[in-house]
Amino acid sequence: MKKFALLITLLATGLAAYAGPVSKHGPLKVTGTQLTDQTGQPVVLRGVSFGWSNWWPQYYNPEAVHTLATDWQCSVLRAAMGVEPEGAYLSGPKPQTNLVTTVVEAAIKNDVYVIIDWHSHGIRTDEAVRFFQEMATRYGHYPNVIYEIFNEPVQTWKEVKDYSETVIRAIRAIDGDNLILVGNPHWDQDVHLVADDPLVGFDNIMYTLHFYAATHKEWLIERGNYALKKNIPLFVSECAGMEASGDGALDLESWGKWLHWMETNRISWVCWSISSKEETCSMMQPEAGPHGPWQDNDLKKWGIIARDVIRKMNRERER
Ligand code: MG
């Protein structure tokens, strides 16, 4: 009996001592260009993105979230909800929404941040407003949740800006404070256009910059620097080490430069992606199970690189 009581005490102490990134940092706030936590300290989130929900739904499960939050030490995960392709949100909102909410609820349980990503290239304002109204109503009171309202736009900044204003207003009518990520033209590479003509009148928004290190080199880092100098807060919600197609050879020298740039500027970053297509950026081997935990031989080279650097940095720098 005594032994049993001791075990219970030890377990309770262990649970009480466990504090994940959200318990530690609380609600996120944008201060100047910096993401800060509930005490006003800078915070850098590091994690991975799930692949397109319509093509890789098997990974959108609580066990995978648990593995990524604990074994991989991710402090942020991204649910990339496909919008336009056949079988994605527009052709069946309910199943895709369910995949997102499965990941969101597991992220809340595992005490990590989670990005709800409208993974679209086209503008679908009415549908996006309805979706984010639903998400804000369900999850706007959780500090875990981050809204990414437009993955990679291909329109003009004027069009993206108009869309963003409408969707942000819809979210803010329900949830006044959670972080919102805003896209920009050319798949989130035109942050210089944002810098010259940013959104006004909104708090707690950041702009997304996406890079693929074998394609995007110093010129895009320079655009990032230009934006930062003009007080534009940046969040790298998608990045990887190969070409922009997601395939081709890894350029680890360029990847290292980007990593250095993000860490020096304390910019949060999310690696693409948890999927198992025959391409360099898919982290999983096709025969790997969808639930985790995953061994090294379940992962492709990019998966091991991403996992190891996230794990190392989040351990060393305290996630
Ligand atoms: Mg809120």
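Residues numbered from 1 in each chain as written. Predicted model: local features only at pLDDT ≥ 70, side-chain atom pairs only at ≥ 80, totals over all residues. Heavy atoms only, no water.

**Side note on the nonpolar core**
No. 1: Core analysis: the largest hydrophobic core is formed by 91 residues, its most contacted members being Trp255 and Trp269.
No. 2: Apart from residues no more than four positions distant in its own chain, Trp255 is found in contact with Phe211, Ala213, Cys239, Ala240, Gly241, Trp269, Cys271, Trp302, Ile305 and Val309.
No. 3: Formed by 15 residues, the second largest nonpolar core is a distinct cluster that contains Val43, Leu179, Met206 and Val270. (Core = buried A, V, L, I, M, F, W, Y, C linked by side-chain atoms within 4.5 Å. Buried < 20%, exposed > 50% of the residue type's maximum accessible area, 1.4 Å probe, protein only. Contact = heavy atoms within 4.5 Å.)

**Quick word on the coordination of the magnesium ion**
No. 1: All of the protein donors around the magnesium ion are Gly140 (O), Asp175 (OD), Asp177 (OD) and Asn178 (OD1); their distances to the metal are 2.1 to 2.3 Å.
No. 2: Written as a sequence motif, the donor arrangement for the magnesium ion is G-x34-D-x1-D-N.
No. 3: Residue classification places Asn178 among the buried residues on the basis of a relative accessible area of 7%. (Donors = N, O, S within 2.8 Å, 3.2 Å for Na, K, Ca; no water.)

**Some remarks on the state of the cysteines**
No. 1: Overall, the coordinates contain zero disulfides when judged by the stated rule.
No. 2: Here Cys74 stays unpaired: no disulfide links it, and the sulfur of Cys271, its closest cysteine neighbor, is 8.3 Å away.
No. 3: Taking relative accessible area as the criterion, Cys74 reaches 0% and is therefore assigned buried.
No. 4: No disulfide involves Cys239; its sulfur sits 4.3 Å from the nearest other cysteine sulfur, which is in Cys271.
No. 5: Exposure remark for Cys239: the relative accessible area of 0% places this residue in the buried category. (Disulfide = S-S within 2.5 Å.)

**Description of the packing of helix α9 (residues 218–229) against helix α10 (residues 252–264)**
No. 1: Relative orientation of the contacting elements α9 and α10 amounts to 10°, with a least axis distance of 11 Å. As far as their axial angle goes, α10 and α9 are roughly parallel. Residues Glu218, Leu220, Ile221, Gly224, Asn225 and Leu228 of α9 form the contact with α10, whose own contacting residues are Lys257, Trp258 and Trp261.
No. 2: Split by residue class, the contact of α9 with α10 holds five nonpolar, two polar and two charged. (Axes fitted to C-alpha atoms, helices over the stretch in contact; angles between N-to-C directions. Helix = DSSP H or I, 4+ residues; strand = E, 2+ residues; numbered from the N terminus. Parallel < 35°, antiparallel > 145°, perpendicular 65-115°, else oblique. Nonpolar A, V, L, I, M, F, W, Y, C, P; charged D, E, K, R; others polar.)

**Considerations on the sheet that holds strand β10 (residues 269–274)**
No. 1: Strand order in the closed barrel made by the eight strands is β3-β4-β5-β6-β7-β8-β9-β10, with parallel pairing throughout. This sheet shows a mean twist of 30° between the axes of neighbouring strands, independent of strand direction.
No. 2: Taken together, the two bridges between strand β9 (residues 234–240) and β10 define a ladder with parallel strand orientation. Within β10, the residue paired with Val236 across the bridge is Trp269.
No. 3: The sheet strands contacting α9 are β8 (205–212) and β9, and the helix crosses β8 at an angle near 170°. (Pairing = 2+ DSSP bridges.)

Take it as geometry only, folks, not as evidence of what the structure does.
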